[in-house]
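# A structural walkthrough
In case you want the letters, here they are:
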Amino acid sequence: MTVEPNSVPSIVTASLSKRFGQVKAVTDLSLEVRPGEIVGFLGPNGAGKTTTIRMLMGFLNPTTGRCQVLGGSLRDQQALRRRVGYLPGDFRMDPRMSGRDLFRWFGRIRGGVKKETIDRLAERLQLDPTRPFGA
């Protein structure tokens, strides 16, 4: 794959930091991931990997510094959120939530989803969209 020299970086952080009270979760992280690059985000527990990803996704505000994905803020730009997927390793759902509820919830994050789309997906996955996850 050829990468255009002037293309927008996929991910940029500049002096990104996050504190929770006295705890320094991320300190002065600066990095750039160009289109076509594959990057592994590795480190021991407590190194700030999840916190960094949550800042990139717009779920947390940085204490200092800045971060961008695809040239903008996922917190502020719905069009960018539609282009990015995220599934955390510790993902949990309310056991009372149904498949339909989950599809609607994810759909709202990405700007809305039609009922017909949910119905087609449920049929394709052969699931009862009204059944609670805990059942």
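Residues numbered from 1 in each chain as written. Predicted model: local features only at pLDDT ≥ 70, side-chain atom pairs only at ≥ 80, totals over all residues. Heavy atoms only, no water.

As a further point, take the packing of helix H3 (residues 99-109) against helix H4 (residues 115-124). Relative to each other, H3 and H4 sit at 130 degrees, their axes nearing to 10 Å. Looking at the two axes, H3 sits oblique to H4. Judged by the sense of rotation from one axis to the other, the crossing of H3 with H4 is right-handed. Residue-level inspection shows Arg100, Phe103 and Arg104 of H3 in contact with H4, the latter providing Lys115, Ile118, Asp119, Leu121 and Ala122. For the contact of H3 with H4, the per-class residue count stands at four nonpolar, no polar and four charged. (Axes fitted to C-alpha atoms, helices over the stretch in contact; angles between N-to-C directions. Helix = DSSP H or I, 4+ residues; strand = E, 2+ residues; numbered from the N terminus. Parallel < 35°, antiparallel > 145°, perpendicular 65-115°, else oblique. Left-handed = near helix turned anticlockwise from the far one by under 90°. Contact = heavy atoms within 4.5 Å. Nonpolar A, V, L, I, M, F, W, Y, C, P; charged D, E, K, R; others polar.)

Time to look at the pattern of salt bridges. Overall, the coordinates contain five salt bridges when judged by the stated rule. In this structure, Arg34 engages Glu32 in a salt bridge whose closest nitrogen and oxygen atoms are separated by 2.9 Å. For Glu32, a relative accessible area of 45% puts it in the partly exposed group. With its nearest N and O atoms 2.7 Å apart, the salt bridge here joins Lys115 to Asp119. Of this pair, Lys115 and Asp119 both sit in helix H4, four residues apart, which is roughly one turn of the helix. Classification of Asp119 by relative accessible area gives partly exposed; the value is 27%. (Salt bridge = Lys/Arg side-chain N within 4 Å of Asp/Glu carboxyl O. Buried < 20%, exposed > 50% of the residue type's maximum accessible area, 1.4 Å probe, protein only.)

Time to look at the sheet that holds strand E1 (residues 11-20). As summarised here, the arrangement of the three strands in space is E2-E1-E3, forming an open sheet in which the pairing is antiparallel. Of all strands in the sheet, those with a lone pairing partner are strand E2 (23-33) and strand E3 (64-69), marking the two edges. Along the sheet, successive strands turn relative to each other by an average axial angle of 25 degrees, direction set aside. Two strands pair when backbone bridges link them, and E1 and E3 are joined in this way by five bridges, in the antiparallel orientation. Across the sheet, residue Ile11 finds its bridge partner in E3, namely Val69. Most of the contacts of helix H1 (residues 49-57) go to E1, to which it runs at about 115 degrees, and overall it touches E1, E2 and E3. (Pairing = 2+ DSSP bridges.)

Turning our attention to the nonpolar core. Grouped together as the largest cluster of nonpolar side chains are eleven residues: Leu16, Ala25, Val26, Met55, Leu56, Met57, Cys67, Val69, Leu74, Leu80 and Val84. Taken together, the elements giving at least two residues each to this core come down to E2, H1 and E3. Tallying contributions element by element places H1 first for this core, with three residues. Leaving out residues up to four positions away in the same chain, Cys67 has contacts with Val12, Thr13, Leu16, Met55 and Leu56. (Core = buried A, V, L, I, M, F, W, Y, C linked by side-chain atoms within 4.5 Å.)

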